Amino acid sequence: MTPLELFALICVLAVVRLAMSLRPVPAGGGTAIVTPAADGAPATAPAASFSVVIKEYLDAFIVAGLVALLLITFVVRTFFIPSGSMEPTLQIHDVLLVNEFEYRLNKPHDGDIVVFPPPIPTTNDFIKRLIGSPGETLRVHDGVVYRNGKPLAEPYIAQKPAYELEIKNYGIYVDGTPMDPTEANVPPRSKWTSPDTIPPGCYFMMGDNRNNSEDSHIWGFAQLNGTFATGPETGKKAGFTGHAFLLFWPPNRFGILH
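Residues numbered from 1 in each chain as written. Predicted model: local features only at pLDDT ≥ 70, side-chain atom pairs only at ≥ 80, totals over all residues. Heavy atoms only, no water.

Things to note about the confidence of the model for the chain
The predicted coordinates of low-pLDDT regions are not to be read in fine detail.
Here is step 1: Residues with a pLDDT of 70 or more make up 83% of the chain, whose mean pLDDT is 87.
Here is step 2: In the model, residues 29-33 has pLDDT below 50 throughout and makes eight contacts with residues more than four positions away in sequence or in other chains.
Here is step 3: Note on residues 43-47: pLDDT is under 50 here. Beyond four places in sequence and across chains, it has 12 contacts. (pLDDT = per-residue confidence, 0-100. Contact = heavy atoms within 4.5 Å.)

Encoded structure:
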């Protein structure tokens, strides 16, 4: 359930609760049950009001919903894996916990598994591994990823990337061809501090299933904040939703994500 859907549910419950509170109360404070007394004469006993019970349950649901809304909006939320782009680390139908608060205080780290809106039209967030951060060099050659000139040990990938890639000359080159800024998020030269390093605020994201992942080697840089510099989402809000830190479903795959 998204925060908006949860908020809508809370509003419905609140309206029902308010409507029940505004209903006129019968004289005498409610209903009564007539039961025979021991001597055969009729006697009355107050009945527990059904509406009072319903109100108590509604109050509990509303409070619980508000707490849950606070948590999934500002602290932690669940994320469902819809594709195989992060295999073998994450499988289709896995359910994760995502820390939405961490990147409000700290910058992302290389190797983090991040949930974020990509710089292409989509209704869903993506989940990828952060491979390159601002100020770093990045290259993929003969199936090996080099960051700052050093090869990365990547035991988590499904297979080695089958493409060549390099950040150079104020662009991202894939198999020798620079990405088109009209189709990918590659900031203009004025946004770079160096022709061969990742620009400020930009991050290079890759799926662990390297050859079956729609990631930065296709649509350019993800951004921690601001608006997308180029590509089909130019001018739209960018950001990181959060850091995926725990796989909690299915139970046999429960564990901390690395």
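Still more ground to cover, so stick around.
Quick notes on the packing of aromatic side chains
Here is step 1: By the definition in use, this model includes eight aromatic pairs.
Here is step 2: Plain terms: the ring middles of Tyr170 and Trp192 are 6.0 Å apart, the flat faces sit at 80 degrees to each other, and that makes the pair edge-to-face. Of this pair, Tyr170 sits in the loop between strand S10 (165-168) and strand S11 (171-174) while Trp192 sits in the loop between strand S12 (177-178) and strand S13 (202-206); the two residues are 22 residues apart in sequence, bridging distant segments of the chain.
Here is step 3: Accessibility expressed as a relative area gives 27% for Tyr170, which makes it partly exposed.
Here is step 4: A relative accessible area of 7% places Trp192 in the buried class.
Here is step 5: Members of the aromatic cluster, connected to one another through ring pairs, are Tyr103, Phe116, Phe126, Tyr203, Trp219 and Phe240.
Here is step 6: Seen from the ring of Tyr156, Arg129 lies directly overhead, with NZ or CZ sitting 3.7 Å from the centre.
Here is step 7: One cation-aromatic arrangement involves Lys168 over Tyr173; the distance from NZ or CZ to the ring centre is 5.0 Å. (Phe/Tyr/Trp six-rings, centres within 6.5 Å; stacked < 30°, edge-to-face > 60°. Helix = DSSP H or I, 4+ residues; strand = E, 2+ residues; numbered from the N terminus. Buried < 20%, exposed > 50% of the residue type's maximum accessible area, 1.4 Å probe, protein only. Lys NZ or Arg CZ within 6 Å of the ring centre and 35° of its normal.)

Brief notes about the sheet that holds strand S8 (residues 144-147)
Here is step 1: Reading across the sheet, the six strands line up as S9-S8-S7-S10-S11-S12 and stay open at both edges, with antiparallel pairing between neighbours. At either margin of the open sheet sits one strand with a lone partner, and together these are strand S9 (150-151) and S12.
Here is step 2: Pairing between strand S7 (residues 138-141) and S8: four bridges, direction antiparallel. Paired with Arg139 across the bridge in S8 is Tyr146. (Pairing = 2+ DSSP bridges.)

Structural notes on unusual backbone geometry
Across residues other than glycine, the phi torsion is negative in most instances, and most of the peptide bonds are trans.
Here is step 1: The residue after Glu87, namely Pro88, is reached through a cis peptide bond having omega 5 degrees.
Here is step 2: Along the chain, Pro88 falls in the loop between strand S3 (76-80) and strand S4 (95-99).
Here is step 3: In the segment running from Trp249 into Pro250, the intervening peptide bond is cis, with an omega of 5 degrees.
Here is step 4: By the secondary structure assignment, Pro250 is in the loop between strand S15 (242-249) and strand S16 (255-256).
Here is step 5: Its identity as a non-glycine residue notwithstanding, Asn169 has a phi of 50 degrees, on the positive side.
Here is step 6: Inspection of the secondary structure assignment puts Asn169 in the loop between S10 and S11.
Here is step 7: Under the relative-accessibility criterion, Asn169 is labelled partly exposed at 47%.

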